[in-house]
Amino acid sequence: MPLSDLTIRPYDPQDCDDLLAIWLAASRLGHAFLGEKTLLQQQLIVRDVYLPQAENHVALVGHIPVGFIGLLDCFIGGLFVAPAFHGRNIGRSLVEHVSPVKPWLELEVYAANPLAPPFYRKLGFHEISRRAKDDDGRPFELIRMRRG
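Reading the values: the criteria
- Residues numbered from 1 in each chain as written.
- Predicted model: local features only at pLDDT ≥ 70, side-chain atom pairs only at ≥ 80, totals over all residues.
- Heavy atoms only, no water.
- Buried < 20%, exposed > 50% of the residue type's maximum accessible area, 1.4 Å probe, protein only.
- Helix = DSSP H or I, 4+ residues; strand = E, 2+ residues; numbered from the N terminus.
- Pairing = 2+ DSSP bridges.
- Phe/Tyr/Trp six-rings, centres within 6.5 Å; stacked < 30°, edge-to-face > 60°.
- Lys NZ or Arg CZ within 6 Å of the ring centre and 35° of its normal.

Engineer: Could you give an account of the pairing of strand S3 (residues 64-72), with specific residues and numbers?
Structural biologist: Of all the 9 residues making up S3, 7 are buried; the element is thus mostly covered by neighbouring parts of the structure. Taking the residues that link successive antiparallel strands as the turn, the strand S2 (residues 55-61)-S3 hairpin has 2 residues, and the phi of Gly 62 there is positive, at about 65°. In this sheet, strand S4 (residues 75-81) lies alongside S3 in antiparallel orientation, the contact comprising 6 bridges. The residue bridging Gly 70 from the neighbouring strand is Gly 78, located in S4.

Engineer: Please provide a residue-by-residue account of unusual backbone geometry, values included.
Structural biologist: A positive phi is found at Asp 73, a non-glycine position, where the angle reads about 60°. Its place among the elements puts Asp 73 in the loop between S3 and S4. What makes Asp 73 exposed here is its relative accessible area of 58%. The backbone phi angle of Asn 89 is positive, close to 65°, even though this residue is not glycine. Summarising the element assignment, Asn 89 is placed in the loop between S4 and helix H3 (90-98). Take Asn 89: its relative accessible area is 34%, and that puts it in the partly exposed class.

Engineer: Summarise the packing of aromatic side chains; cite the residues concerned and give the values.
Structural biologist: The final tally for this structure, using the stated rule, is 7 aromatic pairs. Both rings, one in Trp 23 and one in Phe 80, keep their centres 6.1 Å apart while their planes meet at 55°; by these two values the pair is tilted. Of this pair, Trp 23 sits in helix H1 (residues 16-30) while Phe 80 sits in strand S4; the two residues are 57 residues apart in sequence, bridging distant segments of the chain. For the pair shown, Trp 23 and Phe 80 are each scored as buried. When the centroid spacing of 5.2 Å and the interplanar angle of 80° are considered together, the rings of Phe 33 and Tyr 110 count as edge-to-face. Taken together, the residues span a long stretch of sequence, with Phe 33 in the loop between H1 and helix H2 (36-53) and Tyr 110 in strand S5 (residues 105-110) at a distance of 77 residues. A residue is classified by how much of its surface remains accessible, and Tyr 110, at 11% relative accessible area, is buried. Each member of the aromatic cluster is reached from another via a ring pair, and the members are Trp 23, Phe 68 and Phe 80. Residue placement shows Arg 146 over the ring face of Trp 104; its charged tip is 4.3 Å from the ring centre.

Dropping the structure here:
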């Protein structure tokens, strides 16, 4: 069910702690196979590298951040929604928010993520390639998907 009080706005550095908490909670669901130690290490990289470098948009219910999307040009570097708000069209709203200004969108998702591949297929993304290892050389298959 859509949220009537959902708004999306550009990232503000004051959002950092809230977005890191959303990232970790959502990653514990979708990327549990990486292990807690790896997730906590990656959270620091999200804070220090990805949030500062990406074009980020924040979804809010009232004034509370509940999700965000990070773009590097037309590549979705991350889309994360607080688990308590899964299934409420927030992820879809974030993708649709950025779509009008992007000629196409691409992303990579872990094949082992039980949530992401079906979600993106519902939004019209299709698989264009796979690779056997992630960016850190770990044996976790990545699916590259594209829309547009």
